[in-house]
Protein chains: 2
Amino acid sequence: MPQPLPELTDHLGYRIRQVSNHVSHAFARKLAARGVTVAEWALLRMLYGQPPLPPSQLATRMGMTRGAITRLADRLIGKGLLLRAPSAADGRAQTLGLTESATAFVPELAGLADRNEAECFAHLSPAERETLRDLLERTVARLGITGVAVE
Amino acid sequence: MPQPLPELTDHLGYRIRQVSNHVSHAFARKLAARGVTVAEWALLRMLYGQPPLPPSQLATRMGMTRGAITRLADRLIGKGLLLRAPSAADGRAQTLGLTESATAFVPELAGLADRNEAECFAHLSPAERETLRDLLERTVARLGITGVAVE
DNA sequence: ATCATATAGTTTCCTAGGAAACTCAACATG
DNA sequence: CATGTTGAGTTTCCTAGGAAACTATATGAT
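On a predicted model such as this, the values are computed, not experimentally measured, just so you know.

## Points about the pattern of salt bridges
Here's step 1: Counted under the stated rule, the structure contains 22 salt bridges over all chains.
Here's step 2: Among the salt bridges present, the one from R133 of chain A reaches E130 of chain A, with a minimum N-O distance of 3.3 Å. Taken together, the positions of R133 of chain A and E130 of chain A, both in helix α6 (residues 126-143) and three residues apart, correspond to about one turn of that helix.
Here's step 3: When its relative accessible area of 45% is taken as the criterion, E130 of chain A is described as partly exposed.
Here's step 4: Where salt bridges share partners, they join R15 of chain A together with E130, R133 and E137 of chain B into one cluster.

Right under this line is the structure:
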């Protein structure tokens, strides 16, 4: 006779994961219609309206390894959305910046993000959304979460 | 001059993903010390104290494909935690059930889940945790989220 | 100046999941 | 009872990320 255990659904971590996965997958489907993944979107958004950044900084900010950024950048370059240039100051370093077409594209993708957000949280009142935001942001601060951590 | 866009952090979906990833990775590290992944834990927990289930049902409940369940089950069988048996009623079907050692093991893993939960949300008062739970569960219900969706 | 060490980026190997083709058993229907 | 169809499970191929080894450049110590 096994001892009874708390249900999975008793844990906030489980509930958060359910919602997070659903919201992310819904967004991923919208992005996929434009031929973009969530990680690609995150990188593009990070560089939008910014001066080019070295891959290592992007790795830190996105919570990914440098190796993953190398390959992610390769894909975006292949799609004509990213430019890789050698750093002037450091012979080892590079900079990654958006192409013109990427700069034109990102606002369209941002619209998808807004739409996804609206669809997923339409049932919450503005006050409830602010409460949720506050609880989450305090958790982010308390746990010392920094990057995006795409996956 | 690119047009300004809403910040990533303005989206609840982004904040939820940050917290979810952090909580899941913290849990994954605890489980890894016992040689178990999050997906393996979810499957083990689902079968704990239950009669054996066919892979197809586990796939539905966990939000994974049947192919993924096949491989997940293979790994757990390799670890001596799962038993695969042919279904008596249906020559195509199988049933997956926990071994004795798995039944003894799951409560220990459940303790890790409890500890992770406590660590990640210690800064919220009981009332705040209930508020968060309520907002999340209403979202789960509204979006029609059913499975675990491990990843 | 030389050499050790650290850092930037890449590459290789590994893991894990999804999509879709595939096998085999069950079932319906004529 | 043959036959077409559905359903269960497996397998193959593909994608994407992490860990760690590897290359090349920079930096610091002597």
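## Looking at the protein's contact with DNA strand C
Here's step 1: Lining the immediate surroundings of DNA strand C are 23 residues, of which P55, T70 and R92 of chain A together with R75 and G91 of chain B lie closest.
Here's step 2: At a separation of 2.8 Å, a phosphate oxygen of DNA strand C approaches a polar backbone atom of S56 of chain A.
Here's step 3: Note that a phosphate oxygen of DNA strand C is positioned 2.7 Å from one of the side-chain N or O atoms of T70 of chain A.
Here's step 4: Element by element, the count of residues in the surface near DNA strand C is highest for helix α4 (residues 66-78) of chain A, at four residues.
Here's step 5: Looking at side-chain class alone, the surface near DNA strand C contains six nonpolar, eight polar and nine charged residues.

## Describing the UniProt feature "domain: HTH marR-type" (unreviewed entry) in chain A
Here's step 1: Annotation from UniProt places "domain: HTH marR-type" (unreviewed entry) at residues 9-141 of chain A.
Here's step 2: Between the C-alpha atoms that bound residues 9-141 of chain A the distance is 24 Å, and the span itself is 68% helix and 8% strand.

## Details of the protein's contact with DNA strand D
Here's step 1: Not every one of the 23 residues close to DNA strand D is listed here, only the nearest: R75 and G91 of chain A together with P55, R66 and T70 of chain B.
Here's step 2: Within 4 Å of the protein, the contacting atoms of DNA strand D are 63% sugar and phosphate, with bases supplying the remainder.
Here's step 3: Taking R71 of chain A, its side chain carries an N or O atom lying 3.2 Å from a base nitrogen of DNA strand D.
Here's step 4: For DNA strand D, a phosphate oxygen lies 2.5 Å from a polar atom in the backbone of G91 of chain A.
Here's step 5: When contributions to the surface near DNA strand D are tallied by element, the ones reaching two or more residues are α4 of chain A together with α3 (55-62) and α4 (66-78) of chain B.

## Considerations on the packing of aromatic side chains
Residues and elements named next belong to chain A.
Here's step 1: A full pass over the atoms with the stated rule returns two aromatic pairs over all chains.
Here's step 2: With 6.0 Å between their ring centres and 90° between their planes, F27 and W41 make a pair best called edge-to-face. Here F27, found in helix α1 (residues 12-32), pairs with W41, found in helix α2 (residues 38-47); they are 14 residues apart in sequence, far enough to count as distant. The same class applies to F27 as to W41, namely buried.

What counts, and where the lines are drawn
Residues numbered from 1 in each chain as written. Chains lettered and ligands numbered in written order. Predicted model: local features only at pLDDT ≥ 70, side-chain atom pairs only at ≥ 80, totals over all residues. Heavy atoms only, no water. Salt bridge = Lys/Arg side-chain N within 4 Å of Asp/Glu carboxyl O. Helix = DSSP H or I, 4+ residues; strand = E, 2+ residues; numbered from the N terminus. Buried < 20%, exposed > 50% of the residue type's maximum accessible area, 1.4 Å probe, protein only. Near = heavy atom within 4 Å. Polar contact = N/O pair within 3.5 Å; in protein donor to acceptor, adjacent residues only side chain to side chain. Nonpolar A, V, L, I, M, F, W, Y, C, P; charged D, E, K, R; others polar. UniProt positions renumbered as here; feature names shortened; annotations may be inferred. Phe/Tyr/Trp six-rings, centres within 6.5 Å; stacked < 30°, edge-to-face > 60°.

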